[in-house]
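Okay, here's what each chain looks like letter by letter:
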Amino acid sequence: MHPVSEHPQILAPAGNRDSFLAAIAAGADAVYCGLKRFSARMEAKNFSIEELALLTDFAHEKGVEVFVTLNSLIRTDELDDLQRTIDALVRQVSPDALIVQDLGVATLAGKLGFRGDIHLSTLANVSFPDALKTVSSIPGVRRVVLPRELGIDEIRLMAEACPKDIGLEVFVHGALCYGVSGRCYWSSFLGGKSGLRGACVQPCRRRYIQEKPEVKGSAGRAFSCLDLSLDVLTKVLLEIPQIRGWKIEGRKKGPHYVYQTVSAYRLFRDHSKDSAARKQALELLENALGRPTTHYRFLDHRPQHPLSVVQQTGSGKRIGKIVGTSKKRFMLTFETLEPGDTIRVGYEDDRFHSLLRIERLWISGSRIPLPADASGSLNVDTPVFLTDRKQRQLESVLQTMRGELLGKSGHPMIEGRQPSSKHIPSRQPESTVFHIRRGRPKPGMKASDVTVYRRLPERLDRHTEAGSWLSTDQRQTVPRHGWIWLPPVVWPKDAEQWHSGVASLLKHGYRRFVLNMPYQIEWFRDTRRFGNLQKGPRRYDNDQKGSQEGGRSMRVSSRDGKLELWAGPFCNAANPLAISMLKRMGFSGVIVSPELGQADYLALPERSPLPLGIVLSGCWPLSISRIAPESMLAEEPILSPKGEICFFKHVDQSVWVYPNWEIHLEAHRKTLEEAGYRLFIHLKEPIPKGIFLKRRPGLWNWEHGLL
């Protein structure tokens, strides 16, 4: 474990070499970056092992730590490559921390000799105080990245519950996603490119329209968020010692953005009481080339809505527009442009959008001629964005640092080229590191179907096994002998209400639960009130002995009065390593991630240590958010540019966005049962009036696989 600093670290993003160097030049305490695989920002250039080894050595010489992201959803067929990757990181790079989403990756890293810290990514969705107790029991975990949606009062609640050996990390600047991290399937649902694997195509940034005359401003980028900027408000975070890191988002950004934002937040941290320093920091952020910004929910008494169809939410800073006649178009610039600046004409989802490099100085107010092939396709008033800038002073500093790297490597370090220095031949790790013996199904355990309702119908077929979503609505009824489904998102201020609901159900004899956050298992540990809940040690060791030593005896049928706890589909379990971790935590079975493809599904049962279930049919959300689009009506159809229809509805303290078609894998039930699946889930969601479900195959990624 690294010593705790007096001040929170400033964490800088780096998606390429120059951004990495810019972070060091600006005085970042740590740089976080990803490899060519297993990173949740695959659109960034990222690094090879050899490149990262050289840069990490360089950073360590400057007193800067390096955190490597291995925070994507891992498929079963990727475990061998993941093992080799971690082994190479341990032997060649020696990063200070690994940032992970999959809890099983933490145990694998320890097995392979990683001695640095494990940080849980915001994709791991640790969002309520009791979750931190579970997290502290996972070997190696020393930090948790909190969701961007939390306000300062909720951050304080998390800090108060934080075990002494766990630190918290807070996003202070950068892009906001519409969906809660780890709870957005929009990109995957529309084409297999999963946000949980860093391949998101950002469908939330598109234009949407709601054809309702009573809705004003009902066309626009209704789900596209402004950027987060806590700027001067970060002084409040300095009062919370459990916060160990201020995180700046932006691994797809260039060195100019990294340098400006890191420099700004160093001023906010180190000179929080100096008005001149704060003013300088705000000027740096103003010129960092991000979107317009918002404090979002940080101030609980004065929240700001991050969605706006009025303000532009394209990446970069808007610095001009297209003007001219139908025969000749120009770009009118509102700011001075310098040689080396990169501009984008149009939004990223405009078919005609293009990137241009500025070759000469243009003062503010200039009418810049456009290339002939671009001029005719552009409409007047099309916005122009400055996306990167070649600052002379920064470029000079970077050039010096490149020279230092040259001295270390023996030849110019060209991005994408692998330096030859410090190359250690990769070894093949023992294949038994994550060998997992298949769990034995319970005697007589037959396949069964469970229909899960938002609200139970008045009459249930006595032959139907039912489940019901738990709600904070006191009028809710739940099936007496059915499955209780817990929510996939719990916010700090609501956690006690959810916990009390679970406790009440346990008191009244309910024993079958589906937990859609693995940390909800903490709510089932209270042996004082429920004598039949066996409490064991909370440490989940790196061995493969399972719950005999590291968990509790909870994997028993509800018929004998004891608990049956299944990890739900929102736990995003996609490989046997993750399932093994869930077993050690005390789960009885796992309903696997619904994002997987046919090959992934069929490969899992053979290596799973627990019984498996799968979502076979029903409405699955595109995204779960904490905010509703102000310009749209709930439970009314919303049309995308590609003709897809979605709608949103309020569910307890969250907003669920649904497509107007369902998952339908019923035709493959026999194949799945033969493969070893034992629980088949059918989700019954009330469909609002005016929403008509479209007849589609509903196979999600079954045929083309998860990208």
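Described below are features of the structure shown in this document. (Residues numbered from 1 in each chain as written. Predicted model: local features only at pLDDT ≥ 70, side-chain atom pairs only at ≥ 80, totals over all residues. Heavy atoms only, no water.)

## Focus: the side chain of Glu 522
Part 1 of the reasoning: Relative to the assigned elements, Glu 522 resides in the loop between strand E22 (512-515) and helix H13 (547-550).
Part 2 of the reasoning: Of note is the side chain of Glu 522, whose polar atom sits 2.6 Å from the side chain of Thr 134. (Helix = DSSP H or I, 4+ residues; strand = E, 2+ residues; numbered from the N terminus. Polar contact = N/O pair within 3.5 Å; in protein donor to acceptor, adjacent residues only side chain to side chain.)

## A short note on the packing of helix H3 (residues 79-93) against helix H4 (residues 103-111)
Part 1 of the reasoning: Remark: H3 packs on H4, axes separated minimally by 10 Å, with the N-to-C direction vectors making an angle of 50 degrees. One element, H3, and the other, H4, form an angle in the oblique class. Here H3 runs over H4; the crossing is right-handed. Each of Leu 82, Gln 83 and Ile 86 in H3 lies in contact with H4, whose residues at this interface are Val 105, Leu 108 and Ala 109.
Part 2 of the reasoning: By residue class, the composition of the contact of H3 with H4 is five nonpolar, one polar and no charged. (Axes fitted to C-alpha atoms, helices over the stretch in contact; angles between N-to-C directions. Parallel < 35°, antiparallel > 145°, perpendicular 65-115°, else oblique. Left-handed = near helix turned anticlockwise from the far one by under 90°. Contact = heavy atoms within 4.5 Å. Nonpolar A, V, L, I, M, F, W, Y, C, P; charged D, E, K, R; others polar.)

## Side note on the pattern of salt bridges
Part 1 of the reasoning: According to the stated counting rule, one finds 35 salt bridges in the structure shown.
Part 2 of the reasoning: Taking the shortest distance from any N to any O, the salt bridge between Asp 81 and Arg 84 comes out at 2.5 Å. With Asp 81 and Arg 84 both in helix H3 and three residues apart, this pair spans about one turn of that helix.
Part 3 of the reasoning: For Asp 81, a relative accessible area of 27% corresponds to the partly exposed category.
Part 4 of the reasoning: Since its relative accessible area comes to 29%, Arg 84 is described here as partly exposed.
Part 5 of the reasoning: Arg 269 serves as the salt-bridge partner of Asp 270, at 2.7 Å between the closest nitrogen and oxygen.
Part 6 of the reasoning: For Asp 270, a relative accessible area of 34% corresponds to the partly exposed category.
Part 7 of the reasoning: The class for Arg 269 is buried, based on a relative accessible area of 10%.
Part 8 of the reasoning: Among the charged side chains, a network of salt bridges with common partners joins Arg 37, Arg 75, Asp 77, Glu 78, Asp 81, Arg 84, Arg 197 and Asp 600. (Salt bridge = Lys/Arg side-chain N within 4 Å of Asp/Glu carboxyl O. Buried < 20%, exposed > 50% of the residue type's maximum accessible area, 1.4 Å probe, protein only.)

## Quick word on a positive patch on the surface
Part 1 of the reasoning: There is a patch of like positive charges on the surface, built from Lys 36, Lys 45, Arg 357 and Lys 390.
Part 2 of the reasoning: Mapped onto the secondary structure, Lys 45 falls in the loop between strand E2 (30-34) and helix H2 (49-61). (Patch = residues over 30% accessible without salt bridge, like charges linked within 9 Å, V, L, I, M, F, W, Y side chains within 5 Å. Areas by Shrake-Rupley, 256 points an atom, 1.4 Å probe, with all protein chains shown as cover. Lys, Arg positive; Asp, Glu negative; His and termini not counted. Charge placed at Lys NZ, Arg CZ, Asp CG, Glu CD.)

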